[in-house]
Amino acid sequence: MRLTGNGNIRVNLNDIAIVVSFLMLKTTFFLNNTVCRLLMASLLVYLLKRFYQIQRNVTKKEVILLLLYMILSIISTAFNGGTPWQMLQNMIMLIEMIFIYQVAFQADEERALSTIYLCITLYLILNFVLLIIFPEGLIVDIKETLWLLTSGKFSTGYLCIIWFALTVWKYPKEYVIKFLVVVISMYTLVKIECSTGLAAFAVIVFIHCLPGVIRHRILNYKFMILSVAIAMYGIVFTQVFLNNALSTYVIRDILGEDLTLTGRVPIYNIIFDYIAQKPWLGWGYNNTVVPDALGYGNPQNGVLQVVLNAGIPAMIFLGGAFIVTLKRIPPKYEGLSLGIYGMLICSIIEVTFLNTYFYIVLAILFSVKGDSCIRRENNGKKKVRVSAGCKV
């Protein structure tokens, strides 16, 4: 969406496709989701005529790794007697979103990002107003009618993280706007009692406030991978971690959680035994391994969820696709790196990697122009390899 010279708002089909793809994530927004699916199908038919652009928008490595992950996930589900269609539906949503973003970013990258930003901004401001008008009702009826727009506290938490990241990109020097986004997001996260989202949001705001040199190092993809590895080490040795006085203080006194991490510790204590039984193909999508063993819950960790669902190779392929995209993020999109970091923090204690809001981040990563592309556009040297997002 863009203002024309006479002050009118100009909308094209790329904008509409992005808006519809966002609304599709909020299935409760539509009384009949079939209407939304039909609208999406008609938009995809229109966009298919520009498919040749998509072939130049992502590198072969990213596509191959993501496809291998999807294929393994579907095979695992079928092998374990599950319904592959459920996993396929999840993958189709990701493919649709990547496809729509690819076409929109190819036409006008900044416009596409601005449209995504506008969708999230309007949604969270409306949600903020509802929280003010119905402060008690929204907490009491968190899973019922009054939460028509939100469909869950974690969804809102993830969107707050993406919102701040895109705000940093769009308004890097507008400190008042960033402050308002922080205030609205923190109020929302406290009110809906989303401690995971609150912790991750606080961390990325803190990182953003650090001096430039330190911030750049922390947002480097190698540091992100190291952070996830350290977090996984902490989960493997949960009891050692919890016996630490500082950890106990942070969990009990600052976050207000119990030392079982709201039931997560029992899950971490048993889940590795089940992974060891089926390390290569996992237990299939939507498996009930954890609730069957404990009577509640899910893996409560993004990496463990993928490994339990589809095996270690599937996680390697998904992680590889993620790393390839992270390596080519140009400096001007440092704000996006904040969003990625926030989602990775959430994945430490939540099942984030198969969450549809993680797909927003992944689709954006697949669609932005890489460093080598920008160098090619700036200096015109043919010897510079053309990466995702380049027009040739």
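Residues numbered from 1 in each chain as written. Predicted model: local features only at pLDDT ≥ 70, side-chain atom pairs only at ≥ 80, totals over all residues. Heavy atoms only, no water.

Engineer: Even after reading the chapter, I still don't get helix H10 (residues 195-209), so can you show me in this structure?
Structural biologist: Because each turn of an α-helix spans 3.6 residues, side chains separated by three or four positions end up pointing in the same direction. In this model, H10 (15 residues) spans 21 Å end to end at C-alpha, consistent with the 21 Å of a helix rising 1.5 Å per residue. Within the sequence span of H10, burial applies to Thr196, Gly197, Ala200, Phe201, Ile204, Val205, Ile207 and His208. Each buried residue of H10 lies within a common arc of 160° when the element is viewed along its axis, so the set occupies one face. Counted as exposed and oriented over 90 degrees from the buried face of H10: Phe206 and Cys209. Where the residues of H10 are buried, they touch helix H8 (153-170), helix H9 (175-191), helix H11 (212-218), helix H15 (264-277) and helix H19 (334-349). (Helix = DSSP H or I, 4+ residues; strand = E, 2+ residues; numbered from the N terminus. Expected span 1.5 Å × (residues − 1). Buried < 20%, exposed > 50% of the residue type's maximum accessible area, 1.4 Å probe, protein only. Arc of directions from axis to C-beta. Contact = heavy atoms within 4.5 Å.)

Engineer: Please explain the pattern of salt bridges as it appears in this structure.
Structural biologist: Where side chains of opposite charge bring their charged atoms close, a pairing between them can arise. Using the criterion set out here, one finds 2 salt bridges in the structure. With a shortest N-O distance of 2.6 Å, Arg111 and Asp15 are connected by a salt bridge. Taken together, the residues Arg111 in helix H6 (residues 109-133) and Asp15 in helix H1 (residues 13-25) connect sequence positions 96 residues apart. The same class applies to Arg111 and to Asp15, which are both buried. The residue Glu350 makes a salt bridge to Arg264 at a minimum N-O spacing of 2.3 Å. Of this pair, Glu350 sits in the loop between H19 and helix H20 (356-367) while Arg264 is found in helix H15, placing the two residues 86 residues apart along the sequence. No difference in accessibility class separates Glu350 from Arg264, as the two residues are buried. (Salt bridge = Lys/Arg side-chain N within 4 Å of Asp/Glu carboxyl O.)

Engineer: When you look at the packing of helix H12 (residues 221-236) against helix H18 (residues 312-327) in this model, what are you seeing that I'm missing?
Structural biologist: Geometry of a packed helix pair, given as the angle between the helix axes and the separation of the axes. Two elements in contact, H12 and H18, have axes separated by 9 Å at closest approach and are oriented at 150°. Our classification of the angle between H12 and H18 gives roughly antiparallel. Every residue of H18 that contacts H12 at Tyr221, Met224 and Ile225 is listed here: Ile323, Leu326 and Lys327. Per-class residue counts for the contact of H12 with H18 are 5 nonpolar, no polar and 1 charged. (Axes fitted to C-alpha atoms, helices over the stretch in contact; angles between N-to-C directions. Parallel < 35°, antiparallel > 145°, perpendicular 65-115°, else oblique. Nonpolar A, V, L, I, M, F, W, Y, C, P; charged D, E, K, R; others polar.)

Engineer: What is the right way to look at the nonpolar core in this model?
Structural biologist: Generally speaking, nonpolar side chains in soluble globular proteins are found buried as a group. The biggest cluster of nonpolar side chains holds 95 residues, and the ones touching the most others in it are Tyr69, Tyr101, Ile116, Ile120, Phe164, Ile360 and Ile364. When residues in this core are grouped by element, the largest group, 11 residues, is from H8. Dropping the residues within four chain positions of it, Tyr69 is found in contact with Met87, Met91, Val306, Ala314, Phe317, Leu318 and Leu354. (Core = buried A, V, L, I, M, F, W, Y, C linked by side-chain atoms within 4.5 Å.)

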